[in-house]
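Structural characterization, general
Chain by chain, the residues run as shown.
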Amino acid sequence: MIAILRMEGTNNEDDIYNAFAALKCPVEMVHLKQFTGGAKKELQKNIFDYEGIMIPGGFSAGDYIRAGAIFGARLKKISKELKEFVKEGRIIGGICNGFQVLTEVGLLPGINDIIVSKPQISLAVNDSAKFECRHVFLKHENKCFFTEKYEKSEIIQVPIAHAEGKFITSKRILEELKENNQIIFRYVNRAGNYAGYPFNPNGSMENIAGISNLEGNVFGMMPHPERVFYPYLHQEKKKVGDGKRFFESIIKYLRRGV
Amino acid sequence: MTEEISLNINDNKLIEISRVLGIGLNLEEMHKIRDYFYSEKRNPRDIELQAVGQAWSEHCSYKSSKSILKKFIFGIKAKQNLLVIEEDAGVVDFNKNYAYVVALESHNHPSAIEPYGGAATGIGGILRDVVCMGAKPIALVDPLFFGDLNFDYKKLPKGVKHPKFIQSGVIAGIRDYGNRVGVPTIAGMVYYDVSYLTNCLVNVGCIGIVRKNRIISSKISKKGKKGDVFLLLGGRTGRDGIHGVTFASAELNEKSEKEDRSAVQVGNPIIKEPLTHVCLEAVEKNLVKAMKDLGGGGLSCCVDEMAYPNFGAVVNLENVLLKERDMKPWEIWVSESQERMMMLLDRKKVDKVTDICDLWDIEYSIIGEITENKRIKVDYHGKTILDMDIKFLVEPPVYNRPHTVKNLKEREKETKEPAYEKTILKILSSPNIRSKAFVIQQYDHEVGARTITKPLQGKIESLTHSDSVIIKPLSKEYKGIAIAADSNPSLMKISPYWGAKYIMDEVCRNIVSSGAEPHSFADCLNFGNPEKPERMGEFYEACKGLGEFAKALGVPFVSGNVSFYNESEYYSVIPTPVVLGLGIIDDIRKSIRTDFKRNGDLIYLIGDIKKEMAGSEYYKLYGYDFGYIPKCDPDELKNKIKAILETKKIIKACHDVSNGGLVVTVCEMMIGGNIGVSLDLSKIEMRTDYKLFSESSCFVCEIRERDFEEFEEIMKKNNVKFHRIGRVSGSRLKIIDKEKSIILSLREIKEAFL
């Protein structure tokens with residue numbers, strides 16, 4: 001069973017839910033309070049009843065201070081459980097705002113420690129200083145459990161929709177990410193080359209669009225694979241939706257047995 | 001706390017009371033109120049006068065427009081009508097189990113005073129109009145009209161904000177609210193004209209989807225029973241948004257900035273988003289008997305309109321949760337604070353609803369109940385402060401205001417042929433033609449994973465304008481809704497009647513170009529001061545044009561809004577009816593887009609291109625204020641619609657001819673396809689500039705060579721004129737017209753357009 005974690009302002013949960021449901025993967029909406037306390041007793045849930053947690057896009061709590069900061073802070077209440085959850089090989093994924101939450105809560109970059117107490121990555125305001133919604137090209141640089149079904153170096157088309165997606169980290173962490181093959185997606189042009197703005201839509205360091213932890217079971221990306229689950233959702237004509245294999249990869253991993 | 005006010009005074013003083021209370025009622029109306037309280041044998045209290053002021057405002061009551069709307073716009077019969085005109089939004093048949101919901105309204109006055117908050121709360125309000133029908137909002141639309149962006153700062157009238165400031169504020173307001181609530185903003189328009197300098201127009205539309213057995217009315221049906229309770233939920237009530245409706249029912253002036261700031265509400269999308277979850281879950285669980293949003297006129301209008309005509313209500317005002325402590329009762333009663341919804345519930349089901357509220361941290365309180373006597377009674381800490389006949393409140397006076405119609409005088413004059421290349425580039429780069437990507441891409445138009453044809457179409461690195469956007473409302477069904485919003489101020493300025501017909505024609509063209517069939521319309525009618533006969537004349541003529549055209553097509557208006565008083569002592573807006581068109585496509589996978597697809601394909605011009613140059617971008621560019629205006633004929637349009645839909649499966653790209661004419665249409669299609677064309681217009685008998693820049697009702701279609709016979713045959717069968725004008729080819733715009741040749745590179749075209 002996959003839990004899709006929602007709170008006030010998350011607003012992409014239906015799209016992710018529908019993607020898993022279309023693939024007949026058991027999936028459930030869970031309000032953050034049902035994990036962290038604050039909901040009625042009979043509504044409380046245990047994260048260990050789930051094999052995976054997906055954090056959807058949106059504007060959790062409005063994202064008025066810093067994208068994902070409040071969601072991250074609330075999620076930290078169950079840091080210990082999350083650490084155990086990841087250690088057991090269960091999966092946690094974040095898309096767009098969900099990626100921002102995972103960096104805020106410290107589950108990414110996940111190099112030496114499963115979870116770090118201070119954020120080591122920032123998804124900062126786009127270089128264009130505005131919200132941008134459009135389709136971009138991504139190159140699948142390395143596989144992780146979320147992208148098993150894509151070919152290495154394959155180029156896919158996926159939409160972005162964010163104002164804060166500029167990937168920034170320290171030189172040391174960047175080197176480690178590269179060394180460990182943790183960089184999963186990079187922004188490229190049609191030919192697959194790193195090409196700067198507008199192909200890199202936000203000014204991310206080294207065109208980084210998505211990364212995983214060292215083990216490959218925690219993953220975050222800014223673009224939205226759930227929005228191209230079906231071919232007819234693409235900007236350009238396609239036979240199969242480029243986002244579909246993202247969900248198939250997750251399901252394949254889960255079926256391997258936790 | 002409340003003040004008793006004697007109306008036993010002379011007329012001057014009656015008007016003075018209306019002014020001091022800020023309720024904007026005229027003498028005749030004040031007399032009616034005096035007579036009413038005379039029959040009640042007592043003096044009114046301030047809260048009672050306020051309640052009447054809200055209910056009788058132009059904004060809430062449509063007192064100037066109702067008779068004309070009834071004559072032309074309402075009552076177009078169609079089998080898809082489920083619940084139209086009467087409610088906050090129109091409900092239209094979609095398939096066996098589902099209906100779609102449409103609402104369109106203006107937020108003009110607030111946006112002129114406070115662009116960011118005004119536009120944001122416009123989105124907030126229109127979302128509530130859809131949610132209160134029990135529907136899930138699935139798309140937002142926002143046609144915007146601003147003054148000239150290059151207007152000289154030094155010449156700006158006192159108290160007026162510069163169009164650049166207004167534009168950036170309005171767009172940011174829509175972006176920050178719409179993106180946060182997670183409803184895609186997918187269509188609209190941006191138009192500039194100096195007449196919008198002192199009154200920008202910010203129209204907002206929303207489309208929703210609802211299961212037919214979950215449609216909720218705002219009116220309490222006879223199934224309601226005495227003792228059913230009003231649950232107020234969502235945001236708290238504060239001093240923001242006091243007198244929003246009365247301020248929207250008068251002209252703006254230089255004092256508006258200071259005096260009317262508090263009339264603009266403060267939006268909070270992060271209450272709206274969970275509030276929407278709560279409402280829809282309560283509806284899904286069948287817990288709600290009636291639901292209405294709190295908008296113009298606040299609690300006062302909401303409770304009146306819900307209870308009438310079957311019930312009355314008693315409200316305990318002290319139970320309303322407040323943002324600030326020392327609010328006067330009348331302020332609580334009329335405040336238009338955002339993010340509030342009212343539900344009517346069976347007392348036994350309240351806990352089930354409040355449980356949902358608790359999970360989403362949404363505040364609520366029971367504020368009253370319905371009664372069988374048809375009166376509205378408001379108590380405050382044990383004392384009755386309002387007690388009135390509900391009918392008196394909700395049935396305000398209706399006016400047949402005098403109107404004068406200007407006769408249309410058309411004449412054409414000889415002009416010189418222009419330098420073509422330069423003229424084309426100038427038109428492509430003019431503010432009303434050029435790419436609106438800088439607006440569109442700031443809105444999340446993909447959230448919800450249901451946007452099939454995009455607001456910007458074509459290649460990822462070379463995007464162009466669309467005609468309409470197709471949404472797929474249900475995950476398990478390929479049926480889709482095409483959405484387009486249109487107006488045409490430059491034609492409206494010349495003739496409100498023909499302008500209105502052109503708008504109807506164009507919005508249908510936009511829907512049909514995507515492969516969908518027109519199904520319903522909503523209108524937002526933005527006009528000047530209705531107390532002036534010439535403005536009323538414009539309104540009359542426009543409604544006549546819209547209504548006649550829709551009737552001829554057999555497609556109904558299902559929802560709408562009127563916004564008067566869009567004028568100041570400096571400018572009155574061009575009469576601007578905005579029409580939101582909705583179309584149905586049976587299979588979204590068969591939708592058509594505007595970008596050219598393949599080298600070698602044939603290009604056709606569909607329709608009768610005429611020398612109808614008045615109000616065209618071309619004539620405006622050269623300052624020509626003469627010419628004939630396009631006169632759209634619904635029967636001709638019907639043939640074109642039929643022909644295009646019959647050939648849909650072989651059309652590779654389609655785009656309608658509108659602002660800027662044929663050449664702009666072709667350039668836009670080239671940009672999206674990132675490919676050139678080679679055209680020969682010699683067979684059309686007209687001067688080259690008229691062919692290129694006429695805005696007659698036409699389409700441009702791309703067809704594979706192998707399909708041309710079938711295509712031409714179907715056009716002929718439907719009595720549709722067509723010309724084969726060239727091919728998709730190369731990377732230039734190449735036009736031959738007899739001895740003339742015009743050549744522009746794709747790069748030059750893109751540079752001008754983008």
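Notes on the structure in this doc start here. (Residues numbered from 1 in each chain as written. Chains lettered and ligands numbered in written order. Predicted model: local features only at pLDDT ≥ 70, side-chain atom pairs only at ≥ 80, totals over all residues. Heavy atoms only, no water.)

1. Considerations on the overall build of chain A
This is how it is decided: Strands are runs of DSSP state E lasting at least 2 residues, helices are runs of H or I lasting at least 4, and numbering of each runs from the N terminus. Two things to know: the radius of gyration comes from C-alpha atoms, and the globule rule equals 2.2 Å times the number of residues to the power 0.38. Burial classes: relative accessible area under 20% of the type maximum marks a residue as buried, over 50% as exposed, and values in between as partly exposed (1.4 Å probe, protein chains only). In what follows, residue pairs with any heavy atoms lying within 4.5 Å of each other are defined as contacts. Every accessible area reported is derived by Shrake-Rupley at a probe size of 1.4 Å, with residue values counting cover from the shown protein chains alone. Only four residue types enter the charge count, namely Lys and Arg as positive and Asp and Glu as negative; His and the chain termini do not. Throughout, a charge is located at the NZ atom of Lys, the CZ atom of Arg, the CG atom of Asp or the CD atom of Glu.
Counting its secondary structure elements, chain A contains seven helices and eleven strands. Here the C-alpha radius of gyration of chain A, 17 Å, is about what a compact globule of 258 residues would show, namely 18 Å. If you line up chain A on its principal axes, its C-alpha atoms span 55 × 40 × 35 Å. Counting every position in chain A, which comprises 258 residues, the buried fraction comes to 62%. Once local pairs closer than 6 in sequence are excluded, the contacts in chain A between residues at least 24 apart make up 75%. Accessible area for chain A stands at about 9,800 Å²; split by element, carbon and sulfur atoms hold 49% of it. Looking at chain A, you have 36 positive and 30 negative side-chain charges, and the mean spots of the two groups are 1 Å apart.

2. Digging into the packing of aromatic side chains
Defined as follows: For Phe, Tyr and Trp, rings pair up if their centres lie within 6.5 Å, where Trp contributes its six-membered ring, and each pair is then called stacked (planes under 30 degrees apart), edge-to-face (over 60) or tilted (otherwise). For a lysine, the NZ atom is tested; for an arginine, the CZ atom; a charge sits over a ring if that atom is within 6 Å of the ring centre and within 35 degrees of the ring normal.
This model, assessed by the stated rule, comprises 36 aromatic pairs over all chains. Summarising the aromatic geometry, the rings of A:Tyr232 and B:Tyr478 are spaced 5.9 Å apart at their centres and angled 85° between planes, so their arrangement reads as edge-to-face. Here A:Tyr232 is found in the loop between strand E11 (218–221) and helix H7 (244–255), whereas its partner B:Tyr478 is found in the loop between strand E17 (469–471) and strand E18 (480–486) on a different chain. Classification of A:Tyr232 by relative accessible area gives buried; the value is 11%. Arranged with centres 5.4 Å apart and planes meeting at 45°, the rings of B:Phe145 and B:Tyr196 form a pair that is tilted. Note that B:Phe145 is positioned in strand E4 (residues 136–146) and B:Tyr196 in the loop between strand E5 (185–192) and strand E6 (201–211), a separation of 51 residues in sequence. We classify B:Phe145 as buried; its relative accessible area is 0%. Taken together, the aromatic side chains of A:Phe20, A:Phe146, A:Tyr150, A:Phe185, A:Phe219, A:Phe229, A:Tyr230, A:Tyr232, A:Phe246, A:Phe247 and B:Tyr478 make up a single cluster linked through ring pairs. Positioned above the aromatic ring of B:Phe94, the side-chain terminus of B:Lys479 is 5.4 Å from the ring centre.

3. With respect to the pattern of salt bridges
The criterion, for reference: Throughout this description, the term salt bridge denotes a Lys or Arg side-chain nitrogen within 4 Å of a carboxyl oxygen of Asp or Glu.
With the rule as written, the count across this model stands at 73 salt bridges over all chains. The closest approach of N and O atoms between B:Arg42 and B:Glu48, which form a salt bridge, is 2.8 Å. Residues B:Lys738 and B:Glu685 are paired through a salt bridge, measuring 3.6 Å at the closest nitrogen-oxygen approach. Taken together, the positions of B:Lys738 in the loop between strand E27 (732–737) and strand E28 (740–745) and B:Glu685 in the loop between strand E24 (677–680) and helix H24 (688–693) put the pair 53 residues apart, joining distant regions of the chain. Several salt bridges converge on common partners, so that one network encompasses A:Glu141, A:Glu175, A:Lys178, A:Arg186 and A:Glu206.

4. Describing the sheet that holds E11(A)
Residues and elements named next belong to chain A. Convention followed: Two strands are said to pair when DSSP picks up at least two bridges between them. Axes here refer to lines fitted to C-alpha atoms; in helices the fit is confined to the stretch in contact. Angles between the N-to-C directions go from 0 to 180 degrees.
Read from one edge to the other, the open sheet built from nine strands follows the order E2-E1-E3-E4-E11-E10-E9-E6-E7, with strand pairing classed as mixed. The two strands at the open ends of the sheet, each matched to only one other strand, are strand E2 (27–31) and strand E7 (155–162). On average, each strand axis in the sheet is inclined to that of its neighbour by 25°, with strand direction left out of account. Strand direction decides the pairing type here: strand E9 (residues 183–188) and strand E10 (residues 208–212), joined by three bridges, are antiparallel. Bridge pairing in E10 places Phe 185 opposite Gly 210. Across the face of the sheet, helix H4 (residues 79–87) comes into contact with strand E3 (52–55), strand E4 (91–95) and E11 while running at roughly 110° to E4. Of the strands in this sheet, E3, E4, E10 and E11 touch helix H5 (residues 97–105), which is tilted by about 125° from E4.

5. Remarks on the environment of A:Val188
One can find A:Val188 in strand E9. Discounting chain neighbours no more than four positions away, the residues touching A:Val188 are A:Phe137, A:Leu138, A:Lys139, A:Ile155, A:Asn193, A:Tyr194 and A:Phe199.

6. Quick notes on helix H1 (residues 13–22) of chain A
In an α-helix, one turn spans 3.6 residues, which is why side chains three or four residues apart end up on the same side. For H1(A), the set of buried residues is A:Glu13, A:Asp15, A:Ile16, A:Ala19 and A:Phe20. Turning to H1(A), the residues buried within the fold contact strand E1 (2–6), E2, E3, E4 and H7 of chain A together with helix H11 (269–284) of chain B. At the exit of H1(A) stands A:Lys24, carrying a positive phi of roughly 60°.

7. Points about the sheet that holds strand E1 (residues 81–83) of chain B
Adjacent strands of a sheet pair through backbone hydrogen bonds, lying either parallel or antiparallel. Residue and element names in this part refer to chain B. Strand order in the open sheet made by the six strands is E1-E2-E3-E6-E4-E5, with mixed pairing throughout. What marks the edges here is a single partner per strand, and that holds for E1 and E5. Averaged over all adjacent pairs, the angle separating strand axes in this sheet is 20°, with direction ignored. Strand direction decides the pairing type here: E1 and strand E2 (residues 90–93), joined by two bridges, are antiparallel. Looking across to E2, one finds that Asn 81 is bridged to Val 92.

8. Side note on empty space enclosed by the protein
Residues and elements named next belong to chain B. Rule in force here: Two kinds of site are reported from a 1 Å grid over the protein atoms alone, namely cavities, where a 1.4 Å probe fits but cannot get out, and pockets, open sets with protein on both sides within 12 Å along at least five of seven lines, and residues are called lining when an atom falls within 4 Å of a point. Grid points are joined across faces, edges and corners, and a volume is the space filled by probe spheres set on the points.
Within the structure shown, the criterion is met by five cavities of 30 Å³ or more. A volume near 690 Å³ is recorded for the largest cavity. Lining of the largest cavity is provided by 36 residues; of these, Gly 188, Met 189, Lys 436, His 465 and Ser 466 occupy positions nearest its centre. The set of elements that each furnish at least two residues to the lining of the largest cavity consists of E4, E5, helix H17 (437–440), E18, helix H19 (496–513), strand E23 (651–657) and helix H23 (662–673).

9. So, the interface of chain B and chain A
Selection rule: By buried area we mean how much accessible surface two parts lose on assembly, using a 1.4 Å probe and totalling the loss over both. Each polar contact in these results corresponds to two N or O atoms within 3.5 Å; when the atoms are within protein, one needs to be able to donate a hydrogen and the other to accept it, and residues that are neighboring in sequence are counted only if both atoms are side-chain atoms.
Facing 43 residues of chain B, the contacting portion of chain A comprises 41 residues. Carbon and sulfur atoms supply 55% of the area that chain B and chain A bury against each other, a total of about 3,300 Å² over both sides. Counting across the chain B and chain A interface gives five salt bridges. Residue B:Asp355 is joined to A:Lys40 by a salt bridge in which the shortest nitrogen-to-oxygen separation is 3.0 Å. Counting across the interface, chain B meets chain A through 19 residue pairs in polar contact (both at pLDDT 80 or more).

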